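Listed below, chain by chain, are the residues.
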2 protein chains.
Amino acid sequence: MAVIAGIERQIPTYELLSEEGLATIETAADQILKEVGVEFRDDPEAIRLWREAGADVKGELVRFEPGLLRRILKSAPSSFVQHARNPARSVTVGGNHVVFAPAYGSPFVRDIEGGRRYGTLKDFENFVKLAYSIPWLHHSGGTVCEPVDIPVNKRHLDMVAAHLRYSDKPFMGSVTAEERAEDSIEMARIVFGREFVEKNCVILGNINANSPLVFDATMTNALRAYARANQAAVVVPFILGGAMGPVTTAGAIAQSLAETMAGCALTQLVRPGCPVIFGNFLSSMALRSGSPTFGTPEPALGSLVVGQLARRLNLPLRCSGAFSSSKIADGQAMTESTVSMLSAVQCGAHFILHAAGWLEGGLTMGYEKFILDADYCASLHTYMAGLSLDPNQLALDAFREVGPGKHFFGCAHTLANYETAFWDSDTADNNSFEQWRDEGGRDAMQRANARFRRLLQEYQAPPLDPAVDEALTAFVTKRKTDKPDMWH
Amino acid sequence: MAVIAGIERQIPTYELLSEEGLATIETAADQILKEVGVEFRDDPEAIRLWREAGADVKGELVRFEPGLLRRILKSAPSSFVQHARNPARSVTVGGNHVVFAPAYGSPFVRDIEGGRRYGTLKDFENFVKLAYSIPWLHHSGGTVCEPVDIPVNKRHLDMVAAHLRYSDKPFMGSVTAEERAEDSIEMARIVFGREFVEKNCVILGNINANSPLVFDATMTNALRAYARANQAAVVVPFILGGAMGPVTTAGAIAQSLAETMAGCALTQLVRPGCPVIFGNFLSSMALRSGSPTFGTPEPALGSLVVGQLARRLNLPLRCSGAFSSSKIADGQAMTESTVSMLSAVQCGAHFILHAAGWLEGGLTMGYEKFILDADYCASLHTYMAGLSLDPNQLALDAFREVGPGKHFFGCAHTLANYETAFWDSDTADNNSFEQWRDEGGRDAMQRANARFRRLLQEYQAPPLDPAVDEALTAFVTKRKTDKPDMWH
């Protein structure tokens, strides 16, 4: 299997707004931060840090003079390496680098045969194995689905163990409680060594704002655990337009900027210089039903602008990829996902979460969807490589050889180049209608089903030092027996 | 039904190459034109025009000094209006305007119930009616499918009559023979008046190069017929990489530029100042099968560059939209089509042909695909409107009203804006899983099927002056009885 540790982007970003437009949004965010403020609930330590940093603190409400957060954020690195246990798979987050990671957080999974059902640890492990098997995904992700057959206070142990055992790609840890974040980091220390983890990023934690303009203690406690350990929090607002934010996109972007700056800055108060990722999550709403919608034009535009804003902050950017509200991997799913994913790529995101598998507004992780999305990730490798203009690519000799009205099939230039000339899909059917029909007339979802089953069959685990494996098992066992199961 | 006569783009184009890169491609095109040349076959009048213009003519091979074609092209307008018989539907081709037109040229059609079958005049009329019924398509197109139940030398009469009767949107005429082009223009004269047509563009003709580097007489005769009548030829290479062009994208783009400049310039020799559209059609190839592939990254990048090149020529640009090699409107079809269509929009194309319906590399016009593509066209209206940053959009008062941790559902800003806030899909299902399942669990293709059937049921023809209608009938009848049927 080819090792592809991220992509180096060789295409420009797509610049939607002018400098003036960006400044307008930044001013709006500054006004929100100064006039309305952000609440940090039930976290006296966060409040203490803000007071010490010079913010205007009243109870749990923190307000910020324009410029304060930007000054604090100057200590955050614009780029960092997230190390994988296989060094060849370590990824750079920032600069020209782009990292694709699976979808995150679905309680349900789906495939053609089993339909939609609650996710289990088996499903979780399957998705870790699939992400490991597909070179176009550079990251193992985090909660690739919720293993609801495991107690809620213990499943993080099995999830992190699965990422470490069934993959050697970089991964994300738990954030649902401070001790679960600390367990995740501790398991990373078992694999990478305590000293290495102290100096290097080996795990990410995805920290959601409780939008609008609130961070609750669960999240800030986990955020502080990652920052303390010099690991990277990914700070992400969760704005469904019309619910957790205004129905207008410009306002939602300003809110997103305000919330993310505040969350990212908190990591720098905990440990100046620790890595942090600026996150983005916008959606729209169906007017008839009030349901959130995904892959629509408004968040696609929003991503382009958030990308511009993140560059002005000089922070690595997380965007969301293959979003859809469809229940299955059909035409709706793939239009929406392509729109959303391409926008994430064009906006200059460095870490693209939800790049594969997402269905039903994030409620379901789809096996077939995972494969079709991963195939689009593959094509984006070629897209991001851009256009080479060297003499061989310009092919003037081929034109001289072939001349008007002849074909290029057998010419020297074609023979020398055809094997590497074009991206080739793993799932598209480009055959004739007759061949397609005679082979069963299967749609893309059915072909993806066959492919994920084959990948799981052919899966072979990457080697893991048996002593490390044992130490992981011992840690998990101890933590599991230390306390009673919780199911809610 | 809302009248939307094209879109005014309010987003920037996506600039892939630097000025230097563009100049490299232009130089390569100039070298192809000077060293290899373009053949104009069996068309002494074209050869005469080229000789008169100062090109280097040897038999049917014409070679061009750098700069010659650019000088000739200076007389072509950068923007023009294509008039529709309903003036409210006239479209501007050029500038900030974007026009979406249906797919063109498929011998087959497809729907769920009937499967894949040869197209008939009934199908043709159905697609004209559908394009008329959908406000997101601004143009009736041309050969929306081949009506193979009508003799090949007479079907253009029925096709043009259908465009004129069943729609009042702008349309395209026949190009498959000079007399068919002239018949098409003559029918337009019946509707618009001879004098109006002499001064205004009311019909387009899609002229393909016989790539590589050949124009055959069928095409140049039709091209000259449109130019003579002051109507717009759309000059389009047809480059399947590895067959009619090199396997490398930069070379294919240089070839495309060379062919299109030559074809467009010919229109200006026939009638300086007549409208002409610079066309673009690139594809890639599946290495395992040698089949052409669509919606892949290479032509997406190619479109972005061709857009930049067309702007430097100051000519209106045609790009291709919803390309796919899939046989049905599944996930493959919609990923490929979305990639291709979005690239056409981002590259700055003014006239986007094949914006709806295309399947199977252009062999099949799909009813369900037409609906799903048209829905994506709808979303692109919102995308191209870009992001407004006025105070209402920035929503600062809403943040002041709502504050941290509250929701925006009922706030004054939401109530004032929610009805127009978000784009709403005609085909996406954003409902809950349970609701979707209880309503039959239909995929996007099935929903599109229901929608096209309903649109056809509800279709009402736009009014047409009975005298004009009679004159059209008389013209078609006379032309049909003038000569024997040809079936090949």
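The name an unreviewed UniProt entry assigns to chain A is Methyltransferase, from the organism Hypericibacter adhaerens. For chain A, the Sequence similarities (unreviewed entry) comment in UniProt is given as "Belongs to the trimethylamine methyltransferase family."

Below, the discussion takes up the overall build of chain A. When its secondary structure is counted, chain A shows 18 helices and 21 strands. Against the 2.2 N^0.38 benchmark of 23 Å for 488 residues, chain A shows a C-alpha radius of gyration of 23 Å, consistent with a compact globule. Across the 488 residues that make up chain A, the buried fraction comes to 66%. For chain A, long-range pairs separated by at least 24 residues make up 76% of all intrachain contacts whose partners lie at least 6 apart in sequence. A total of about 16,000 Å² of accessible surface is found on chain A, and carbon and sulfur atoms cover 51% of it.

Moving on, we get to the interface of chain A and chain B. Listed as interface residues are 112 residues of chain A and, on the opposing side, 112 residues of chain B. Interface area, chain A with chain B, both sides summed: about 9,200 Å², of which 69% is carbon and sulfur. Taken together, the connections running from chain A to chain B amount to six salt bridges. We note a salt bridge from Asp429 of chain B to Lys327 of chain A, for which the minimum N-O separation is 3.1 Å. The interface formed by chain A and chain B holds 31 residue pairs in polar contact (both at pLDDT 80 or more) in total. A total of nine residues in the side of chain A that touches chain B trace back to one element, the largest contributor, which is helix 11 (residues 331-346) of chain A. Each residue belonging to the side of chain A that touches chain B can be placed in one class, and the counts come to 51 nonpolar, 41 polar and 20 charged.

Time to look at the packing of aromatic side chains. A full pass over the atoms with the stated rule returns 37 aromatic pairs over all chains. Both rings, one in Phe399 of chain A and one in Phe408 of chain A, keep their centres 5.6 Å apart while their planes meet at 75 degrees; by these two values the pair is edge-to-face. Judged by centre distance (6.4 Å) and plane angle (80 degrees), the ring pair of Phe281 of chain B and Phe294 of chain B falls under edge-to-face. Placement of the pair is Phe281 of chain B in the loop between strand 15 (276-279) and strand 16 (282-285) and Phe294 of chain B in the loop between strand 17 (292-293) and helix 10 (297-313), with a sequence separation of 13 residues.

Superposing chain A onto chain B requires a rotation of 180 degrees together with a translation of 0.0 Å along the rotation axis, leaving an RMSD of 0.0 Å. When the rotation and shift are considered jointly, the pair of chain copies conforms to a two-fold rotation axis. When C-alpha positions in chain A are compared against the rotation axis, the closest is assigned to Gly331 of chain A, at 2.2 Å. By residue overlap, the copies meet face to face through one surface: 100% of the interface positions of chain A are interface positions in chain B.

Moving on to unusual backbone geometry. All names here are of chain A. For the bond from Ser211 to Pro212, the omega torsion is 5 degrees, close enough to zero to count as cis. With respect to the secondary-structure elements, Pro212 resides in the loop between strand 11 (203-208) and strand 12 (214-215). The phi torsion at Asp42 lies on the positive side, around 60 degrees, for a residue other than glycine.

Here helix 15 (residues 412-421) of chain B has its buried residues at His413, Thr414, Asn417 and Ala421 of chain B. Seen along its axis, helix 15 of chain B keeps its buried residues to an arc of 100 degrees; they face one direction. Away from its buried face, by an angle of more than 90 degrees, helix 15 of chain B presents the exposed residues Leu415, Ala416 and Glu419 of chain B. Contacts from the buried residues of helix 15 of chain B go to helix 10 (297-313) of chain A together with helix 13 (391-394) and helix 14 (396-402) of chain B.

Moving on, we come to the sheet that holds strand 4 (residues 61-63) of chain B. Residues and elements named next belong to chain B. Taken in spatial order, the four strands make up an open sheet running 3-4-2-12, and their pairing is mixed. Where the open sheet ends on each side, the last strands, each with one partner, are strand 3 (56-58) and strand 12 (214-215). Here strand 2 (residues 38-40) runs beside strand 4; their pairing, made up of two bridges, is antiparallel. By the bridge assignment, Glu39 is partnered in strand 4 with Leu61.

Our next topic: the side chain of Ser284 of chain A. With respect to the helices and strands, the residue Ser284 of chain A is situated in strand 16 (residues 282-285). At 2.6 Å, the side chain of Ser284 of chain A forms a polar contact with the side chain of Thr293 of chain A. In this structure the side chain of Ser284 of chain A is engaged in a polar contact, spanning 2.5 Å, whose partner is the side chain of Thr296 of chain A. When residues no more than four places from it in sequence are discounted, the contact partners of Ser284 of chain A are Ser291, Pro292, Thr293, Thr296, Glu298 and Pro299 of chain A together with Phe422 of chain B.

This paragraph deals with the state of the cysteines. Tallying each qualifying case throughout the model produces zero disulfides over all chains. In this structure Cys264 of chain A is not part of a disulfide, and its nearest cysteine sulfur, from Cys274 of chain A, lies 9.5 Å away. Free cysteine Cys377 of chain B: the closest other cysteine sulfur is in Cys319 of chain B, separated by 14 Å.

With that settled, the discussion passes to the confidence of the model for chain A. When pLDDT is averaged along chain A, the result is 96, and 99% of the positions lie at 70 or above. In the predicted complex, the global pTM is 0.97; the interface-specific ipTM is 0.97.

This part is about the pairing of strand 8 (residues 108-111) of chain A. Residue and element names in this part refer to chain A. A two-sided burial pattern is seen for strand 8, the buried positions comprising Phe108 and Arg110 on one face and Val109 and Asp111 on the other. As judged from the four bridges shared by strand 8 and strand 9 (residues 115-118), these two strands associate in the antiparallel manner. Bridging from a neighbouring strand, Arg110 pairs with Arg116 of strand 9. Connecting strand 8 to the antiparallel partner strand 9 that follows it, the hairpin turn spans three residues. Relative to strand 21 (residues 364-366), strand 8 runs parallel, the two sharing three bridges. Its bridge partner being in strand 21, Val109 is matched across the sheet by Met365.

What follows is about the sheet that holds strand 20 (residues 358-359) of chain A. Residues and elements named next belong to chain A. Ordered by their spatial adjacency, four strands build an open sheet running 9-8-21-20, and the pairing between neighbours is mixed. If you trace the sheet from one side to the other, it starts and ends with strand 9 and strand 20, each paired once. Judged from the two bridges that link them, strand 20 and strand 21 form a sheet pairing that is antiparallel. By the bridge assignment for strand 21, Leu359 is matched with Thr364. Each of strand 8, strand 9, strand 20 and strand 21 is contacted by helix 12 (residues 367-385), which is oriented at about 65 degrees to strand 21, the strand it contacts most.

Next up on the list: the side chain of Arg110 of chain B. Its place among the elements puts Arg110 of chain B in strand 8 (residues 108-111). The charged side chain of Arg110 of chain B is buried without a salt bridge, its nearest counter-charge being Glu368 of chain B at 5.7 Å. Aside from chain neighbours lying at most four places away, what touches Arg110 of chain B is Phe433 of chain A together with Gly115, Arg116, Arg117, Lys327, Ile328, Leu359, Thr364, Met365, Gly366, Tyr367 and Glu368 of chain B.

Compared with the 26 Å implied by 1.5 Å per residue over 18 residues, the 25 Å span of helix 1 (residues 19-36) of chain B between its first and last C-alpha is a close match. Within helix 1 of chain B, burial applies to Gly21, Leu22, Ile25, Glu26, Ala28, Ala29, Asp30, Ile32, Leu33 and Val36 of chain B.

Before going further, it helps to examine the packing of helix 11 (residues 331-346) of chain B against helix 12 (residues 367-385) of chain B. In helix packing, the relevant descriptors are the interaxial angle and the interaxial distance, both defined with respect to the helix axes. Residues and elements named next belong to chain B. Here helix 11 crosses helix 12 at 35 degrees, and the two axes come no closer than 11 Å. The interaxial crossing formed by helix 11 with helix 12 has right-handed handedness. Packed against helix 11, whose contacting residues are Ala333, Met334, Ser337, Thr338, Met341, Leu342, Val345 and Gln346, the element helix 12 presents Lys369, Leu372, Asp373, Tyr376, Cys377, Leu380, Tyr383 and Met384 at the interface. Of the residues in the contact of helix 11 with helix 12, the class split is eleven nonpolar, three polar and two charged.

This part is about the pattern of salt bridges. Between side chains of opposite charge, a pair can form when the charged atoms approach closely. Residue and element names in this part refer to chain A. Following the criterion strictly, the structure yields 74 salt bridges over all chains and no others. Asp373 is the salt-bridge partner of Lys369, the closest N and O atoms lying 2.9 Å from each other. Here the residue Lys369 and the residue Asp373 both occupy positions in helix 12, the gap between them amounting to four residues, near one helical turn. The exposure class assigned to Asp373 is buried, which follows from its relative accessible area of 3%.

Scoring rules and cut-offs
- Each chain carries its own residue numbering, running from 1 in the direction its sequence is written.
- Chains and ligands are labelled by the order in which they are written, letters from A for the one and numbers from 1 for the other.
- Totals for whole chains, interfaces and linings use all residues, but because this is a predicted model, local features are given only for residues with pLDDT of at least 70 and pairs of side-chain atoms are given and counted only at 80 or more.
- Where side-chain values are given, they derive from all heavy atoms of the structure, hydrogens and water being excluded.
- UniProt positions are given in the numbering used here, feature names are shortened, and annotations may be inferred rather than shown by experiment.
- Strands here are runs of E lasting at least two residues and helices are runs of H or I lasting at least four, both read from the DSSP assignment and numbered beginning at the N terminus.
- For this measure, only C-alpha atoms enter the radius of gyration; the expected value for a globule follows 2.2 Å times N^0.38, where N is the number of residues.
- Exposure is judged per residue with a 1.4 Å probe applied to protein chains only, and the accessible area is read against the type maximum: over 50% gives exposed, under 20% gives buried, and values in between give partly exposed.
- In this analysis, two residues are considered to be in contact whenever any of their non-hydrogen atoms come within 4.5 Å of each other.
- Here the Shrake-Rupley method, with its probe set to 1.4 Å, supplies the accessible areas, and only the displayed protein chains count as covering residues.
- Summed over both partners, the accessible area lost on bringing two parts together, with a 1.4 Å probe, is the buried area.
- Each salt bridge in this description consists of a side-chain nitrogen of Lys or Arg and a carboxyl oxygen of Asp or Glu lying within 4 Å of one another.
- Identification of polar contacts relies on pairs of N or O atoms within 3.5 Å, with a donor-acceptor requirement for protein atoms, meaning one able to donate a hydrogen and the other able to accept it, and with residues adjacent in sequence counted only if both atoms are side-chain atoms.
- Residue type decides the class: Asp, Glu, Lys and Arg count as charged, Ala, Val, Leu, Ile, Met, Phe, Trp, Tyr, Cys and Pro as nonpolar, and the leftover types, Gly among them, as polar.
- Between the rings of Phe, Tyr and Trp (Trp by its six-membered ring), a pair exists once the centres lie within 6.5 Å; its type follows the angle of the planes, with under 30 degrees stacked, over 60 edge-to-face, and the other angles tilted.
- What sets the superposition is a least-squares fit of C-alpha atoms, and only residues with pLDDT of at least 70 in both copies go into it.
- What the arc describes is the spread of directions from the helix axis to the C-beta atoms.
- In this analysis, strands are considered paired if DSSP registers two or more bridges between them.
- Disulfide assignment relies on a single distance test, namely cysteine sulfur atoms paired within 2.5 Å.
- Values of pLDDT, the confidence the predictor places in each residue, fall between 0 and 100.
- Lines fitted to the C-alpha atoms define the axes, with helices restricted to the stretch that makes contact. Angles between their N-to-C directions range from 0 to 180 degrees.
- Positive residues here are Lys and Arg, negative ones are Asp and Glu, while His and the chain termini are left out of the count.
- One fewer than the residue count of a helix, multiplied by 1.5 Å, yields its expected span.
- Handedness of a crossing is defined here by the sense of rotation of the near helix relative to the far one, left-handed for an anticlockwise turn of less than a right angle and right-handed for a clockwise turn.

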